[in-house]
Amino acid sequence: MRKLLLILFVGLFTAATAFAQGGRSITGKLLDSKTNEPLIGATVGIKGTTTATTASLDGSFKIIVPSSAATLTVTYIGYVSKDLSITGNNLGTIYLEAVSSSLSEVVVTGNVAIDRKTPVAVYAVGAQAIEEKMGTQEFPEILKSAPGVMVTKQGGGFGDSRLSIRGFKQANVAVLINGIPVNDMENGAIFWSNWAGLSDVTSSMQAQRGLGASKVAVPSLGGTINITTRTTDAVKGGAIAQTLGSDGYQKTAMSLSTGLNEKGWAFSIAAARTQGNGNADGLNFLGYDYFVNLSKVLTKRQTISFTLMGATQTHGQRTTKGTIADYRLAPQGIRYSQDWGYRNGQVFNAKNNFYSKPIASINHNWQINETSSLSTVLYASLGTGAGGSLQTGFSYPALPKKGDKYAPIDFDAVTASNAASVDGSSATFFKSAHNDHKWYGILSTYKTSITSNIDLLVGADLRYYEGSHFTEVTDLLGGQYALDLYKPSSSSATTGDANNPTNRARTGDKIYYNYKSNVLWEGAYVQAEYTKDKLSAFVSASGSNTSDRRLDYFNYLSTDPNRQTAYKSFLGYQAKGGSNYNIDDHNNVFANIGYLVKAPFFGSIYLNNQNTLNPAAVTEKLFSYELGYGYRSSIFSANVNLYRTTYKDRAFQKTATVGSATYFANLTGVDELHQGVEFDFKLRPIKEVTLSGSLSIGDWKYLNNVGPIQVTDDAGANVGSPSTYNLKGLRVGDQAQTSGALALDVQVLPDVKLGGSYNYYANYYADFNFSAVTTSAPINTWKIPNYGLVDLYGVFKFKFAGLDASLISNVNNLLNSKYVSDAFDPTNSGQPSTSTVFYGIGRVYSTTLKIKF
């Protein structure tokens, strides 16, 4: 009690002294210069002293200063610090610039949503939250508390996470990095292992749910993830960081920036090395990521910058789910994996992934005059790598083990068996499915102010993509060759190479399939924006022509002109509009509506690894509308929105792994309904405490039956007979339809911060099995048990040899909860006993030491 009274007395004495010396109260509001987002927690201090305060939920601040004080200093992680001259009691609105010279370019080409202006539902994460809460999590997991968003690690492999928004998988979620679309042009996929370094260089990230604010014609059905990197830091300096965590996790990172010199040049570089054993058996990984930016201010109105970023990695994978009984009986528990073993005393992965995907871009930004600007980005990406897997005529459980059925695979025994083969063939060998590509594109946007209230934007989006797809023998495991016999595509066996029908493949030879894909994209858009007083609105239209071509090296003789198809083109377009009205300084409402037509993915156009066109492949249609309300005050902010989206003629490829076999099915003509309500809030009763939370209640289901659909194996051969899929009324799986989050952040001391969060998931359904579908049996997938997870973090800032340093600790799944994160119902019966699952990761921890200079 005496300590409390002493603290109260000191506080009162300090305030009284300030006023006695002619102190006065200074107020203002801090906002992001581009997005109008309040800079919650930004520090406002009296220059040359330790007296400071922080900005509230709406960005407002209040600080008592003595009459002798002339300058305030504003600082915030990820933003350029700013000195403010005290010219009055109210400094008004102060805008801080993000430490990225490219942000203005990104706003034009990628479209960052602006608070209380852009009529979309958005959840933003800044550099400070990423630095404090990332730990050993993968990059998309920083969004897991956003309403309508779910992220799981799937099998737990490095970078194998998946993200869903409003029931749409990430293939239908547009991901933009500095305005550049990075979803795979053939199937829309995102492989987060290719972007492992993003957490080190991101200055801001927005999850825009629904139609999103992107002007480029990207397929943002569920939403848009808009990532802005730090690019050219406006301040000189750098940092080194070392992270240690569970399961041998180690990450060493560095960054360095020259800042902008007097000649207009700036250079930034960042790099990191990450390795670990993974959170389950056989998930060892090693990755390197890098980021380089060189920028030049050409004139007062023109800047140009070059950026190179990417990651090179290799990691073990766990893609084979187990039954709940398997995990209960296995000595390894939830860490049990069927996809690994030992060879010569070393860990040998039955499933792995290795890939390198650098992306280089040149950005040019030209402020033509006071009312017009032109922003252009030219980019290229060259990807090389593959997913490796064991090819065997046996199921994984039938392979020799180092013990009982739950023991690792004995690859020494497999090797001995192959070596003893009479004809020298390998019954079991290792293969890699390559997905190499060359991708070039250009994005350009012209913006002009027609009147003081109306802006017009027009732009172009051109892309060229070439993919090389083949399976390669990478290890014969003691044998002399792998036999790949060619049989006609009508056969149920492997198709092989028509030009080498009795292929005795050695290491490095191609087997099963070998084809090249080309995708051309020509897109354009126009948008008008209106802003006057409290009202802002926009209407936009965009169109795209997608052309796909296939060149098959295996299923056709080299002399056959039919080995290469003509381009098959699909016209897509989208029209959308929306409006936001600020009722007063606290309340706003918004609405948006849109209709989108998009081309089907490449795999839905050409069937069974053949040049045969799918007659059922048609453009997909989406109609969506949304209503939203927002509230902002100095201590409380909240958003609530209602959405309804209908998705017609969807085409997608389903994949299932049963034992060692992988099966595929192309579903076309699928109709879905996605609707729901979302809510999020922040409460800051005192400046040291912030309470935030979210709630999402979805209703996502299939609307029709489809078929007949043909199932194929991984060589493109037909399996069984075509079946009709009784999908009508089935709940969309792979994402919890109800989710909630609650987080508490406390600034315990000026240099000590503690926080925790709780995420809850319910109404979560397993994925259905297309290979078990019959025309008479209804599909009834298993409902996964509800679960909740607790995370904690702590930050301690201190001086180290005169440099700013911080110690950051993170614990994820603090209570070591055991829960099913991903599930597949092989019998479509809704029974947990027959479902196969991945359990989520158990408790993991990490500690990071970061020193800035």
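Preceding this section is the structure that the text describes.
As the structure is a prediction and not an experimental result, all values here were calculated from the model. (Residues numbered from 1 in each chain as written. Predicted model: local features only at pLDDT ≥ 70, side-chain atom pairs only at ≥ 80, totals over all residues. Heavy atoms only, no water.)

Caption draft 1: Inspection of the sheet that holds strand β3 (residues 52-54) at higher detail. The strand order β3-β2-β5-β6 describes an open sheet built from four strands, whose pairing is antiparallel. Of all the strands in the sheet, just β3 and β6 (82-85) have a single pairing partner and so form its edges. Neighbour to neighbour, the strand axes of the sheet diverge by 25° on average, direction disregarded. Of the strand pairs in this sheet, strand β5 (residues 71-75) and β6 are connected by four bridges, and their pairing is antiparallel. Opposite Val 74, over in β6, you have Lys 82 as the bridge partner. (Pairing = 2+ DSSP bridges. Helix = DSSP H or I, 4+ residues; strand = E, 2+ residues; numbered from the N terminus. Axes fitted to C-alpha atoms, helices over the stretch in contact; angles between N-to-C directions.)

Caption draft 2: Focus on the nonpolar core. With 52 residues, the main nonpolar core has Leu 143, Ile 225 and Ile 227 as its most contacted residues. With six residues, strand β32 (residues 510-532) is the single largest residue contributor to this core. Every residue in contact with Leu 143, bar those within four places of it in the chain, is listed here: Tyr 123, Val 125, Val 149, Leu 163, Met 205, Ala 207 and Ile 225. (Core = buried A, V, L, I, M, F, W, Y, C linked by side-chain atoms within 4.5 Å. Buried < 20%, exposed > 50% of the residue type's maximum accessible area, 1.4 Å probe, protein only. Contact = heavy atoms within 4.5 Å.)

Caption draft 3: Broad picture of a nonpolar patch on the surface. Taken together, the side chains of Ile 450, Ile 454, Tyr 530, Leu 535, Tyr 581, Ile 583, Val 589, Tyr 629, Val 640, Phe 679, Leu 695 and Ile 697 define a hydrophobic patch exposed on the protein surface, amounting to about 910 Å² of accessible area. Within the secondary structure, Ile 450 is located in the loop between β28 (428-449) and β29 (454-475). (Patch = residues over 30% accessible without salt bridge, like charges linked within 9 Å, V, L, I, M, F, W, Y side chains within 5 Å. Areas by Shrake-Rupley, 256 points an atom, 1.4 Å probe, with all protein chains shown as cover. Salt bridge = Lys/Arg side-chain N within 4 Å of Asp/Glu carboxyl O.)

Caption draft 4: Layout of the pairing of strand β35 (residues 587-598). Relative to β35, strand β34 (residues 568-582) runs antiparallel, the two being bridged by ten bridges. For Ala 575, the partnering residue across the bridge sits in β35 and is Tyr 595. Examined bridge by bridge, β35 and strand β36 (residues 620-632) share twelve bridges and lie antiparallel to one another. By the bridge assignment, Ile 593 is partnered in β36 with Tyr 625.

Caption draft 5: View of unusual backbone geometry. One non-glycine residue, Arg 166, adopts positive backbone phi at about 55°. Along the chain, Arg 166 turns up in the loop between β10 (162-165) and β11 (168-169). Using a relative accessible area of 2% as the deciding quantity, one classes Arg 166 as buried. One non-glycine residue with positive phi stands out, namely Asn 178, at about 55°. Along the chain, Asn 178 turns up in the loop between β12 (173-177) and β13 (180-181).

Caption draft 6: Broad picture of helix α6 (residues 411-419). Residues of α6 that are buried: Phe 411, Val 414, Thr 415 and Asn 418. Projection of α6 onto a plane perpendicular to its axis shows the buried side chains occupying an angular sector of 100°, all on one side. Buried-residue contacts for α6 involve β22 (340-343), β23 (346-349), β26 (372-392), β27 (409-410) and β28. (Arc of directions from axis to C-beta.)

Caption draft 7: Spotlight on the pattern of salt bridges. Evaluation of the coordinates by the stated rule reveals 30 salt bridges. Between Lys 169 and Asp 734 there is a salt bridge, and its shortest N-O distance comes to 2.9 Å. Separated by 565 residues along the polypeptide, Lys 169 in strand β11 and Asp 734 in the loop between β41 (718-725) and β42 (738-749) bring together distant segments of the chain. For Lys 169, a relative accessible area of 34% translates into the label partly exposed. On the basis of relative accessibility, which here comes to 12%, the residue Asp 734 falls in the buried class. For Lys 516, the salt bridge goes to Glu 466, with nearest N and O atoms at 3.8 Å. You can see Lys 516 sitting in strand β32 and its partner Glu 466 sitting in strand β29, a full 50 residues away along the chain. Taking relative accessible area as the criterion, Lys 516 reaches 22% and is therefore assigned partly exposed. Of the residues examined, Glu 466 reaches a relative accessible area of 17% and is grouped as buried. Via salt bridges that share partners, Arg 162, Lys 169, Asp 734, Asp 767 and Asp 822 belong to a single interconnected network.

Caption draft 8: A look at the environment of Asp 184. Inspection of the secondary structure puts Asp 184 in the loop between β13 and α4 (198-201). Each C-alpha atom of the pair Asp 184 and Val 795 lies 37 Å from the other, and the pair is 611 residues apart in sequence. Leaving out residues up to four positions away in the same chain, Asp 184 has contacts with Ala 189, Asn 435 and Tyr 465.

Caption draft 9: The arrangement of the environment of Lys 621 in detail. With respect to the secondary-structure elements, Lys 621 resides in strand β36. Sequence separation between Lys 621 and Arg 209 is 412 residues; the distance between their C-alpha atoms is 18 Å. If near-sequence neighbours (up to four positions away) are discounted, Lys 621 is found in contact with Tyr 595, Leu 596, Val 597, Thr 646, Tyr 647, Lys 648 and Asp 649. There is a polar contact of 2.8 Å between the side chain of Lys 621 and the backbone oxygen of Thr 619. At a separation of 3.0 Å, a polar atom in the side chain of Lys 621 contacts the side chain of Asp 649. (Polar contact = N/O pair within 3.5 Å; in protein donor to acceptor, adjacent residues only side chain to side chain.)

Caption draft 10: Geometry of the packing of aromatic side chains. What the rule picks out here adds up to 24 aromatic pairs. Where Phe 348 meets Phe 430, the ring centres are 5.8 Å apart and the plane angle is 65°; that geometry is what we call edge-to-face. Placement of the pair is Phe 348 in strand β23 and Phe 430 in strand β28, with a sequence separation of 82 residues. Each of the two residues, Phe 348 as well as Phe 430, counts as buried. Ring centres 6.0 Å apart and planes at 75° place the aromatic pair Trp 439 and Tyr 465 in the edge-to-face group. You can see Trp 439 sitting in strand β28 and its partner Tyr 465 sitting in strand β29, a full 26 residues away along the chain. In this pair, the class of Trp 439 matches that of Tyr 465, namely buried. Here Arg 550 stacks its cationic end above the ring of Tyr 515, 4.0 Å away from the centre of that ring. Above the ring of Tyr 839, the side-chain terminus of Lys 818 is found at 5.4 Å from the ring centroid. (Phe/Tyr/Trp six-rings, centres within 6.5 Å; stacked < 30°, edge-to-face > 60°. Lys NZ or Arg CZ within 6 Å of the ring centre and 35° of its normal.)

Keep in mind that these numbers describe shape and distance, not what the molecule does.
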